[in-house]
Amino acid sequence: MAGNSSTPGRSVTSRALALLGAFDGRHRRLGLTELAARAGLPVPTAHRLVGELVAWGALSRTASGEYVVGRRLWDIGLLAPVHTGLQQIASPYLHDLYGATLATVHLAVRDGLRALYVDRLSGHASVPVVSAIGSRLPLHATGVGKVLLAHAPAAVQEEVLADLPRITPYTVSRPELLRGQLEKVRENDYATTVEEMSLGACTVAVPIRSDGAVVAALGIVAPSLRRDRARLVSALQVAARGIGRSLTGQVAH
């Protein structure tokens, strides 16, 4: 069903989805004009559709007049299998890890060329953490991302290796260097980063396997890995094996 906007052929559904897709980790609040521009829609069309999305609960309007993602989308998102299966099963293990380390703990899956964070427990240490539940971060610059990338199909690896943006001065941006790191991830069964996503933050992560396939990654953020790497890797691997045993046969992947 096409509407009467200046972009013929686009259905009402596609235009509404474009408005929702205009939000990302860097654009959590958008005014109507910017929202329309990012969605590729005329302002009057955007205004009408945004009103319907607000009424339904997909978007909310702040006191300053900007729009944010609405609670109803979050409620629906929690029904996705990646949440109802993996997150619920992994939650006790994440809490055990947090209790043992008091560090930020991450649970992530691969979503295309990004690491999708499906759960996170915030640590007490003053370590900069840029992830949030639902955020998508580069595979090449995060510990969980490197784990997921190391076990991704060859086509995915090549696509990521073809574009390695430098996020900090320490981000690995040379394909040959990242290839070597991915080989070590497969050999050692864990990955590390040192200030590659944010300055002052190091990460260590391990794969979670179900029926022999890597379906997720579990990671910890720390200010340094010099002294605690072996201890953190051991704790992560114990938790990952427990999650994997519980997942087997329960979560499609």
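Just above, that's the structure.
The structure presented is a predicted model; accordingly, all values stated were derived computationally and were not measured.

Rules used throughout
Residues numbered from 1 in each chain as written. Predicted model: local features only at pLDDT ≥ 70, side-chain atom pairs only at ≥ 80, totals over all residues. Heavy atoms only, no water. Helix = DSSP H or I, 4+ residues; strand = E, 2+ residues; numbered from the N terminus. Buried < 20%, exposed > 50% of the residue type's maximum accessible area, 1.4 Å probe, protein only. Contact = heavy atoms within 4.5 Å. Areas by Shrake-Rupley, 256 points an atom, 1.4 Å probe, with all protein chains shown as cover. Lys, Arg positive; Asp, Glu negative; His and termini not counted. Charge placed at Lys NZ, Arg CZ, Asp CG, Glu CD. Pairing = 2+ DSSP bridges. Axes fitted to C-alpha atoms, helices over the stretch in contact; angles between N-to-C directions. Arc of directions from axis to C-beta. Expected span 1.5 Å × (residues − 1). Polar contact = N/O pair within 3.5 Å; in protein donor to acceptor, adjacent residues only side chain to side chain. Salt bridge = Lys/Arg side-chain N within 4 Å of Asp/Glu carboxyl O.

J.: Is there a simple way to think about the overall build of the protein in this case?
T.: Looking only at helices and strands, one finds 9 helices and 8 strands in the protein. Taken across its 253 residues, the protein has 44% of its residues classed as buried. Restricting to contacts in the protein with at least 6 residues of sequence separation, those with at least 24 account for 54%. Put simply, the protein shows about 12,900 Å² of open surface, and 54% of that area lies on carbon and sulfur atoms. The distance from the centre of the 27 positive side-chain charges to the centre of the 19 negative ones in the protein is 3 Å.

J.: Sorry, what's going on with the sheet that holds strand S6 (residues 191-194) here?
T.: Each strand in a sheet pairs with its neighbour through backbone hydrogen bonds, running either in the same direction (parallel) or in the opposite one (antiparallel). The strand order across the open sheet formed by 6 strands is S5-S4-S3-S8-S7-S6, and the pairing between neighbours is antiparallel. The open sheet has two edge strands with one neighbour each: strand S5 (136-138) and S6. Strand-to-strand twist of the sheet, defined as the mean angle between neighbouring strand axes without regard to direction, takes the value 35°. As defined by bridge partners, strand S3 (residues 104-111) adjoins strand S4 (residues 114-121) across 7 bridges and the pair is classed as antiparallel. Bridged to Leu107 within S4 is Asp119.

J.: Explain helix H2 (residues 32-39) to me, please; I cannot follow it from the model alone.
T.: In an α-helix there are 3.6 residues to a turn, and that puts residues three or four apart on one side. Regarding H2, the residues found buried are Leu32, Leu35, Ala36 and Ala39. In a view along the axis of H2, the buried residues occupy a sector of 100°, so they form one face of it. In this structure, H2 carries Thr33 and Ala37 as exposed residues pointing more than 90 degrees from its buried face. On its buried face, H2 is in contact with helix H1 (12-21), helix H3 (43-56) and strand S2 (67-69).

J.: Explain helix H8 (residues 175-188) to me, please; I cannot follow it from the model alone.
T.: Helix length check: H8 (14 residues) gives 20 Å between terminal C-alpha atoms against 20 Å at 1.5 Å per residue, within 8%. Within H8 the residues assigned to the buried category are Leu178, Leu182 and Val185. Take H8 and look down its axis: the buried residues cluster within an arc of 55°, on one side only. Relative to its buried face, H8 has exposed residues pointing more than 90 degrees away, namely Glu183, Lys184 and Glu187. Contacts made by the buried residues of H8 are with helix H6 (143-150), helix H7 (154-161) and S6. Asp189, located one to two residues past H8, shows a positive phi value of around 70°.

J.: When you look at the side chain of Thr62 in this model, what are you seeing that I'm missing?
T.: Along the chain, Thr62 falls in the loop between strand S1 (59-61) and S2. Judged by its relative accessible area of 18%, Thr62 is buried. Separated by 2.9 Å, the side chains of Thr62 and Ser64 make a polar contact.

J.: Please explain the pattern of salt bridges as it appears in this structure.
T.: For side chains of opposite charge, pairing can occur when their charged atoms come near one another. Summed over all chains, the structure comprises 7 salt bridges. A salt bridge links Glu158 to Arg179; the shortest N-O distance between them is 2.9 Å. One end of the pair, Glu158, is in helix H7; the other, Arg179, is in helix H8, with 21 residues separating them in the sequence. Take Glu158: its relative accessible area is 39%, and that puts it in the partly exposed class. Taking relative accessible area as the criterion, Arg179 reaches 37% and is therefore assigned partly exposed. With a closest N to O distance of 3.2 Å, Glu176 and Arg174 form a salt bridge.

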